[in-house]
Amino acid sequence: MDIKDIIKPENLVYEKPKLLTDKTMHYCPGCTHGVVHRLVAEVIEDLNIQEKTIGVSPVGCSVFAYNYIDIDWQEAAHGRAPAVATGIARVNEDKVVFTYQGDGDLASIGTAEIMHACNRGENIVVIFINNAIYGMTGGQMAPTTLLGQVTATTPCGRDLDRNGYPLKITELIAQLPGTAYVTRQSAHTPATARKCRKAIKKAFQNALDKKGTSFVEVVSTCNSGWRLNPVDANKWMEENMFPFFPMGDMKDGERDAPDAYFKKN
Amino acid sequence: MTEEIIIAGFGGQGVLSMGKILAYSGVMQDQEVTWFPSYGPEMRGGTANVSVIISDTRISSPILHEFDTAIILNQQSMDKFEKTVKPGGVLLYDPNGIVNPPSRKDINIYKIEGTKIAADLGNVKTFNMVVLGAYLKAKPIVAMESIRKGLEKSLPERHHKLIPLNLEAIQAGQEKLEAVNEI
Amino acid sequence: MGELRLMKGNEVIAEAAIRCGCDGYFGYPITPQSEVMETLMDREPWDETGMVVLQAESEVASINMVYGAAGSGKKVMTSSSSPGISLMAEGISYIAGAELPCLIVNVQRGGPGLGTIQPSQADYFQSTKGGGHGDYRLIVLAPSSVQEMNDFVDLGFELAYKYRNPAMILTDGAIGQMMEKVELSDYKPRMTAEEIEAKYGSWATNGKKANREYNVITSLEMDSAKMESNNRRFQEKYKQMEEEEVRYEMFQCEDAEYILVAFGSSARICQKSVDLARAKGLKVGLLRPITLYPFPKKPIAELATKVKGFLTVEMNAGQMVEDVKLAAGCSNSSVPVEYFGRMGGIIPTPGEVVEALEQKLIEA
């Protein structure tokens, strides 16, 4: 079999999703963003919702997410993506709106916006990339940085007295009545990537079904920020992050029924 | 004709709504009006006041420091506003709770037992309409027909059944105005 | 003739928004403008016109909701008062940088800091010179009556869409809380999805259509040469506003020797000051800028060749006086330009203004 046979359409086993653009990604080799971008593009393609999907990109490494998926995009100020998405979704009820945010954006500067958007049960999807570090600004401490983890602003490791605890924001989000689906995934192996894709698809389907907020955390690597090669970064993530950020669904269904939340008389 | 009025008393006495009905009555007879309230924490349980201007011509400043008429419904307001009545102007007050009655000789002073009359009518909430009636007796600047229309416009529809009671209170106020000092 | 009502300035903003076909309002309570959202919620426009009204968790969220909704081509607005507008400054800069239309209402109160809830005009600099980071301008309209609160909602949106730029109604607690007679505008339908695609499909993020490239709303540009050219485009736009959108009103200026310059509620005070001064035999007129940006430079420059002096009257420490000096200096650098004002929520009296005029200009 020569090369011409191999590239015949009937031999196709893997291809770039049509909705991924041809722009060269700016992400470092080994970064999880590329994988998750692909998964999001595949899901939008699968559900055939290119014309009704609007993405909101954050400030952080994925600020340029809008360069890579062939849908309308709006770029938000740091932390404000859930408010921007709320604005779009509220005046465009027929659209599917999602935010794509990192840990600094979502769990530090944007805590108020994510909490309230999820608590109101905005009909949006949130993709949350948690790699426990600020990648774009050069590897500083994030709200999810583990105790002892070395970053540019915790050169001797994150210290409890100085820096406080790492924040399990997804566990907090899962308590909010407006959320329909809250899950934590990873995408570092083919099997986990497939699972993650299923989770993202469910989240987008929920938005189509107007079920409330769907929130997908993807525990991710930042091998550059962590000063590791991609293979070691995956290993470090499994050994250090997975015990603290355990995988799985925290909530799956619909937003809470209102009965328990009403005034009594 | 331009009439510049301050209405001042406690929050809850209906000071702001009395001003609004008066202003709406002006609108109903095609006059220019402004209604400018005190606002903020002082209106919650404390003193409340509103200045109303009714004029045949375009109104320049809605914010005033002296008035043709002061309608005064508590002592604090008496202390503050007696001196702001223009010479020759009108001061109308309810003596209920007034320790130091007005003493100026260069203005027309009237009183109305609004609190008592409203109680006699069987609805203390009509207090402000009794006072409004007394004012209209002293200074008939708007027609009763305009007042009726003003009430219709400023009261939500669900309260329209109360309009006859309000008109009755206005009439009682007109009948029971007492002159204290006329120049 | 439209419907006549007696309404508060703040209530009229809400009513005018519904009637002009606004798609959404996002806000957060703050005195002295809370009646805007209260009136909207009471009117329930979602049943009547389909307009969305949302109480956000903060002013920061409000302005970012406006940014998001405006990005999809929708006609959206927010309102706040001074401290809240400071919180919105970042978002407003993004909206200006991403070239989106929207309307922001600032019912000013006195500052700095938490300040006072009483009326003020101390956000003149913030509104007219940018306010947030970067080189941008807002179209700033200054109503001086409840009627203009009604009229400027529609006008603000019209200008915002014409220039794809945020417009601001800069008013204050006095006009927001005051009731006057107002002739309400007739209803305009909201734009349909097809109209938005036809008019704004070249930029709006209303869902990628098969017949166009995907749209991106962003103010980010890492290539400095491109960022400079974006800035040049903004400046061209602002220049065009200065040529086409200046609005002002003159009051007894024909034979005036002295000109009061005042906007918003100060201009109402000054109308009475003109009457008082004229009664004393002083030839005084009033120039009222209606657009604070673009500022009416030309009429001031023209008057500067004829009059003996200008007095700006402001409820701040003297902010617009700088623009009047610049404008007057264009044609006559020697004409005196003085300032009189009160601060901290105190409104100047018409008599005080005349006294200041006599002391600072006539007897000086």
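The residue numbers shown here count from 1 along each chain, following its written sequence. A letter from A marks each chain and a number from 1 marks each ligand, given out in the order of writing. Residue-level local features of this predicted model are given only where pLDDT is at least 70; pairs of side-chain atoms are given and counted only at 80 or more, and the full residue set underlies all totals for whole chains, interfaces and linings.

Novice: Describe the overall build of chain B, listing the residues and the values that go with them.
Specialist: Put simply, DSSP marks the helices as runs of H or I at least four residues long and the strands as runs of E at least two long, and each gets a number from the N terminus on. Within chain B, the regular secondary structure consists of six helices and seven strands. Put simply, chain B runs from its N terminus to its C terminus through helices and strands in the order β-α-β-β-β-α-β-β-α-α-α-α-β. The quantity called the radius of gyration is restricted to C-alpha atoms. Its globule counterpart is 2.2 Å times the number of residues to the power 0.38. Expected size for 183 residues packed as a compact globule is a radius of gyration near 16 Å; at 15 Å, chain B falls within 12% of this value. Once the C-alpha set of chain B is aligned to its principal axes, its extents read approximately 40 × 40 × 35 Å.

Novice: Describe the overall build of chain C, with residues and values.
Specialist: Assigned secondary structure in chain C consists of 14 helices and 15 strands. Taken against the 2.2 N^0.38 rule, which gives 21 Å for 364 residues, the C-alpha radius of gyration of chain C at 21 Å falls within 12% of a compact globule. Dimensions along the principal axes, computed over C-alpha positions, put chain C at roughly 70 × 50 × 40 Å. In chain C, buried positions account for 58% of the 364 residues. With C-beta atoms placed from the backbone, a residue counts as buried when 20 or more other C-beta atoms lie within 10 Å of its own, as exposed when 12 or fewer do, and as partly exposed for counts between those limits.

Novice: Break down the sheet that holds strand β12 (residues 284-289) of chain C for me, with residues and values.
Specialist: Residue and element names in this part refer to chain C. What makes two strands pair is DSSP finding at least two bridges between them. The strand order β10-β12-β11-β14-β15 describes an open sheet built from five strands, whose pairing is mixed. Edge strands, defined here as strands with exactly one partner in the open sheet, are β10 (248-251) and β15 (337-341). With direction set aside, neighbouring strand axes in the sheet form an average angle of 20 degrees. In the sheet, β10 pairs with β12 via four bridges, with the strands oriented antiparallel. When the sheet's bridge partners are listed, Met250 is paired in β12 with Leu287. Running at roughly 170 degrees to β12, helix α11 (residues 264-279) makes contact with β10, β11 (258-261), β12 and β14 (309-314) of the sheet. Axis lines are fitted through C-alpha atoms, for helices just across the contact stretch, and the angle between N-to-C directions can take any value from 0 to 180 degrees. Residue pairs are scored as contacts if the distance between their C-beta atoms, which are placed from the backbone, is within 7 Å.

Novice: Break down the interface of chain B and chain C for me, citing the residues and quoting the values.
Specialist: Listed per partner, the contact involves 17 residues of chain B and 19 residues of chain C. Looking at which element gives the most residues to the side of chain B that touches chain C, the answer is strand β2 (residues 32-37) of chain B, with six residues. In this count, Pro and Cys sit with the nonpolar residues alongside Ala, Val, Leu, Ile, Met, Phe, Trp and Tyr, while Asp, Glu, Lys and Arg are called charged and the others, Gly among them, polar. Broken down by class, the residue content of the side of chain B that touches chain C amounts to 10 nonpolar, five polar and two charged.

Novice: Explain the nonpolar core residue by residue, including any values.
Specialist: Grouped together as the largest cluster of nonpolar side chains are 240 residues, with contacts concentrated most on A:Ile127 and C:Leu260. Leaving out residues up to four positions away in the same chain, C:Leu260 has contacts with C:Cys270, C:Ser273, C:Val274, C:Val284, C:Leu286, C:Leu311, C:Val313 and C:Val353. By our criterion, buried Ala, Val, Leu, Ile, Met, Phe, Trp, Tyr and Cys residues that link up through C-beta atoms within 7 Å make up a nonpolar core.

Novice: So, the sheet that holds strand β9 (residues 248-252) of chain A: which residues are in play, and what are the values?
Specialist: A sheet is described by the order of its strands in space; here eight strands give the open sequence β9(A)-β7(A)-β8(A)-β4(A)-β3(A)-β1(A)-β2(A)-β9(C), paired in mixed fashion. Each edge of the open sheet is held by one strand with a lone partner, namely β9 of chain A together with β9 (216-217) of chain C. Of the strand pairs in this sheet, strand β4 (residues 124-130) of chain A and strand β8 (residues 213-219) of chain A are connected by six bridges, and their pairing is parallel. Bridge pairing in β8(A) links A:Asn130 to A:Val219.

Novice: I'd like a rundown of the interface of chain C and chain A, residues and numbers included.
Specialist: Across the contact, 34 residues belong to chain C and 29 residues belong to chain A. Only β2 (24-27), β3 (52-55), α4 (59-71), α5 (82-97) and β9 of chain C provide two or more residues apiece to the side of chain C that touches chain A. The dominant element in the side of chain C that touches chain A, judged by the number of residues it contributes, is α4(C), at nine residues. Taken together, the two bridges between strand β2 (residues 72-75) of chain A and β9(C) define a ladder with parallel strand orientation. Residue pairing across strands places A:Gln74 opposite C:Ile217, the latter belonging to β9(C).

Novice: Please provide a residue-by-residue account of the domain arrangement of chain C, values included.
Specialist: Residue and element names in this part refer to chain C. For the purposes of this description, domain bounds are those given by an automatic or database domain assignment. Once the domains are mapped, chain C shows domain 1 (4-183) and domain 2 (248-362). The C-alpha-based centres of domain 1 and domain 2 are spaced at 27 Å. Every contact between the two is made by 24 residues of domain 1 and, on the other side, 21 residues of domain 2. At the level of elements, α6 (124-128), β6 (139-141), β7 (166-172) and α8 (173-177) are the ones that each hand at least two residues to the side of domain 1 that touches domain 2. Here the side of domain 1 that touches domain 2 gets four residues from one element, more than from any other, and that element is α6.

Novice: How would you explain the pairing of strand β7 (residues 179-186) of chain A if you had to name every residue and give the values?
Specialist: Residue and element names in this part refer to chain A. Here β7 lies mainly inside the structure; eight of its eight residues are buried. Summarising the sheet, β7 and β8 pair through seven bridges and their orientation is parallel. Pairing of Thr179 across the sheet is with Thr213, part of β8. A crossover links β7 with its parallel partner β8, the connecting element being helix α8 (residues 190-208), and its sense is right-handed. Relative to β9, β7 is paired through four bridges, and the arrangement is antiparallel. Residue pairing in the sheet places Arg184 in a bridge with Gly248 of β9. With the strands pointing away from the viewer, any crossover whose connection runs clockwise from the first strand over the helix to the second is right-handed.

Novice: Please give an account of unusual backbone geometry that cites residues and values.
Specialist: Residues and elements named next belong to chain C. Here the residue pair Gly111 and Pro112 is connected by a cis peptide bond, since its omega of 0 degrees sits within 30 degrees of zero. Position of Pro112 relative to the elements: it lies in the loop between β5 (102-108) and α6. The residue after Tyr293, namely Pro294, is reached through a cis peptide bond having omega -5 degrees. Its place among the elements puts Pro294 in the loop between β13 (291-293) and α12 (297-304). Phi is positive for Glu99, which is not a glycine, with a value near 55 degrees.

Novice: So, α4(C): which residues are in play, and what are the values?
Specialist: Residues three or four positions apart in an α-helix share a direction because the helix packs 3.6 residues into each turn. Residues and elements named next belong to chain C. Between the first and last C-alpha of α4 there are 18 Å, a value that for 13 residues agrees with the 18 Å anticipated at 1.5 Å per step. Burial analysis of α4 places 13 of its 13 residues in the buried class, the great majority of the element. One or two positions beyond α4, positive phi appears at Gly73, with a value near 90 degrees. To estimate the expected span of a helix, count its residues, drop one, and scale the result by 1.5 Å.

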